[in-house]
Amino acid sequence: MHLLPFASGVFTLLILPGPTNAILAMASQGLTVGRAIALLATVLLAYLAIVLPASGLAGSFLSDHPLVSQGVKLISATWVLYLALRLWGMGSSQVEAVSVRQLAVTTLLNPKALIIGLTMLPPAAELSAAGSITILASVVLAVSSIWLSIGRVILGRDKRIPSFARRCGSATLVAFSAVLTFSALDG
């Protein structure tokens, strides 16, 4: 795998709606430059914290221990469902409704990170480790910026999340939780 196929594959996976992207869109309310940098750094560090170990260690472990893999999916599904319920019932709360900590945990539990680490990261013979990390970091930052922008366009500049947007975001997160749960129980 060369540079362009790796970058486009990661971009295609990460741009799809998912828990991290939904949280980023919701976090765009009342966005400042400092908060945007904190959110982007959080997503990047969380993805790297999963992708790098997964690419080197977790693949064979997870295939040898399917119950662990199912457990990770169920934990992810539970967390996403918790966020959905919290988002549904929080009213028109202020900017900090979505915390950096929630974004970090959501991204750490996001199955996309495992997919990248286990199946997409090219071997060192095809692309250097530094090159792979640089491409991954660039794509993560670009996609995260896009989702912050999408949230900003949809939600506007108001410092409160409109009820309709909260309910749609909550319903989206419930759907992701269901998919993860069915995936864990089916596998």
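Residues numbered from 1 in each chain as written. Predicted model: local features only at pLDDT ≥ 70, side-chain atom pairs only at ≥ 80, totals over all residues. Heavy atoms only, no water.

Colleague: Looking at this structure, how should I read the overall build of the protein?
Modeller: Each helix and strand counted, the protein has 8 helices and 0 strands in total. The order of helices and strands in the protein, counted from the N terminus, is α-α-α-α-α-α-α-α. Restricting to contacts in the protein with at least 6 residues of sequence separation, those with at least 24 account for 89%. Of the accessible surface of the protein, which amounts to about 9100 Å², a share of 73% is contributed by carbon and sulfur atoms. (Helix = DSSP H or I, 4+ residues; strand = E, 2+ residues; numbered from the N terminus. Contact = heavy atoms within 4.5 Å. Areas by Shrake-Rupley, 256 points an atom, 1.4 Å probe, with all protein chains shown as cover.)

Colleague: Would you take a moment to explain helix α1 (residues 3–15) for this structure?
Modeller: In an α-helix, one turn spans 3.6 residues; hence positions three or four apart end up facing the same way. With 13 residues, α1 should reach 18 Å at 1.5 Å per residue; the first-to-last C-alpha distance of 18 Å fits that figure. Considered for burial, the residues of α1 that qualify are Phe 6, Val 10, Leu 13 and Leu 14. Burial along α1 is one-sided: seen end-on, the buried residues are contained in an arc of 95 degrees. (Expected span 1.5 Å × (residues − 1). Buried < 20%, exposed > 50% of the residue type's maximum accessible area, 1.4 Å probe, protein only. Arc of directions from axis to C-beta.)

Colleague: When you look at the environment of Trp 147 in this model, what are you seeing that I'm missing?
Modeller: Note on placement: Trp 147 falls in helix α7 (residues 129–155). Relative accessible area serves as the criterion here: at 13%, Trp 147 is assigned to the buried category. The spacing of Trp 147 and Thr 20 is 127 residues in sequence and 9.2 Å in space, taken between C-alpha atoms. Those residues within four positions of Trp 147 in sequence are excluded, and the remaining contacts are Leu 14, Ile 15, Leu 16, Pro 17, Asn 21, Leu 24 and Ala 25. Here Ile 15 takes part through its backbone oxygen, which lies 3.2 Å from a polar atom of the side chain of Trp 147. (Polar contact = N/O pair within 3.5 Å; in protein donor to acceptor, adjacent residues only side chain to side chain.)

Colleague: Help me out: how do you make sense of helix α5 (residues 100–108) in this one?
Modeller: Of the positions making up α5, those classed as buried are Gln 102, Leu 103, Thr 106 and Thr 107. Here the buried residues of α5 occupy an arc of 130 degrees about the axis, which is enough to place them on one side.

Colleague: Sorry if this is basic, but what is going on with the packing of α1 against α7 here?
Modeller: If you want to describe how two helices pack, look at the angle between their axes and the distance between the axes. At a minimum axis distance of 9 Å, the contact between α1 and α7 shows a crossing angle of 35 degrees. Viewed along their axes, α1 and α7 form a crossing whose handedness is right-handed. For the pair α1 and α7, the contacting residues are Leu 3, Phe 6, Ala 7, Val 10, Phe 11, Leu 14 and Ile 15 in the first and Ser 132, Ile 135, Leu 136, Val 139, Val 140, Val 143, Ile 146 and Trp 147 in the second. Here the residues of the contact of α1 with α7 sort into 14 nonpolar, 1 polar and no charged. (Axes fitted to C-alpha atoms, helices over the stretch in contact; angles between N-to-C directions. Left-handed = near helix turned anticlockwise from the far one by under 90°. Nonpolar A, V, L, I, M, F, W, Y, C, P; charged D, E, K, R; others polar.)

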